[in-house]
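Commentary on secondary and tertiary structure
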Amino acid sequence: MSEPRIPGDREAADRRQFVFDLGYRPAFDLHDFLVSPSNREAVEWLDRWPNWAAPALAIVGPPGSGKSHLAHVFAGQCRGRIVNASAIGDLDPPRLLEGVSDLVVEDADRGINEEAMLHLYNWVLETGGHLLLTGRQAPARWTIALPDLRSRLASVPVVNLAAPDDVLLGAVLIKTMGDRQLVVNHEVVRFVIARIERSFVAVHRFVTGIDTRALAEKRKITIPLAREVLTDIEHTKEAD
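Criteria and thresholds
- Chains are numbered independently. Their residues run from 1 in the order of the written sequence.
- Totals for whole chains, interfaces and linings use all residues, but because this is a predicted model, local features are given only for residues with pLDDT of at least 70 and pairs of side-chain atoms are given and counted only at 80 or more.
- Side-chain metrics in this entry use all non-hydrogen atoms of the structure; hydrogen atoms and water are not considered.
- Should DSSP find at least two bridges between two strands, the strands are taken to pair.
- Helix and strand definitions here come from DSSP, where helices need a minimum of 4 consecutive H or I residues and strands a minimum of 2 consecutive E residues; each element is numbered from the N-terminal end.
- Lines fitted to the C-alpha atoms define the axes, with helices restricted to the stretch that makes contact. Angles between their N-to-C directions range from 0 to 180 degrees.
- Should any heavy atoms of two residues lie within 4.5 Å, those residues are considered in contact.
- For every residue, the accessible area (1.4 Å probe, protein chains only) is compared with the maximum for its type, and the residue is labelled buried under 20%, exposed over 50%, or partly exposed between those bounds.

**Considering the sheet that holds strand β4 (residues 81-84)**
Read from one edge of the open sheet, five strands run β4-β5-β6-β3-β7, paired in parallel fashion. Each edge of the open sheet carries a strand with a single partner, namely β4 and β7 (158-160). The mean inter-strand angle of the sheet, taken between neighbouring strand axes irrespective of direction, is 20 degrees. Taken together, the four bridges between β4 and strand β5 (residues 102-106) define a ladder with parallel strand orientation. Bridge assignment links R81 to a residue of β5, and that residue is L103. Across the sheet, helix α3 (residues 67-78) touches β3 (56-60), β4, β5 and β6 (130-135), and the angle it forms with β5 is around 170 degrees.

**Remarks on unusual backbone geometry**
Between W49 and P50 the backbone carries a cis peptide bond, its omega angle lying at 5 degrees. Structurally, P50 can be placed in the loop between α2 (40-48) and β3. The phi angle at K218 is positive, at roughly 50 degrees, despite the residue not being glycine. Of the residues examined, K218 reaches a relative accessible area of 77% and is grouped as exposed.

**As for the pairing of β3**
Burial analysis of β3 places five of its five residues in the buried class, the great majority of the element. Burial of β3 is two-sided: the residues A56, A58 and V60 facing one way and the residues L57 and I59 facing the other way are all buried. One ladder, built from five bridges, connects β3 with β6; its direction is parallel. Bridged to I59 within β6 is T134. Inspection of the sheet shows β3 paired to β7 by three bridges, in the parallel sense. Paired with V60 across the strands is N160, a residue of β7.

The following block contains the structure:
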């Protein structure tokens, strides 16, 4: 498997020691997309599009596991459209899918207009398009009162995303810091991922915090600075 592409500097070889077993994937107008055991099955499904065995696929996982990122990757791949489940019902399927044949419905387990969703599913099936549904739980576990919709959703293939593993979190941390032209060594990376919340949102929050603080205080990226930023984030969460 090829190594991820990490923004280059003199410490690149040192950093690759940490992320040696990740593959690099283009992310279709997003940031570089990295593949790891926690998301590989989902990526393989996207690779098989449009040759899916069903008109729909559900990608499910905890908050911060990368569902939205994969949704954008898919939309870029198929030139489809992304809508939130709360928008289903505002437009009928022909208008919702105007100019596209594939649709992503995010947070589909957070409450949907069942009649509208059934109409949308049937329309996609009839027109040969595809639906990608994201949520925290598999469709078979959603509370659906409409029998026809319940039976259709129960047959949708499901891919489960695990919380990001250490290798993926480390690679995303390095990539995000590299995007900001911040230099970080693998000791700092290891320190951070051993203590940070297991989500991409947490990584981006940390990078924003350490970038702001390093610039304001004219400090290098070190373990003491990382510790201070992690402490600040924890205090902020407690205050919320």
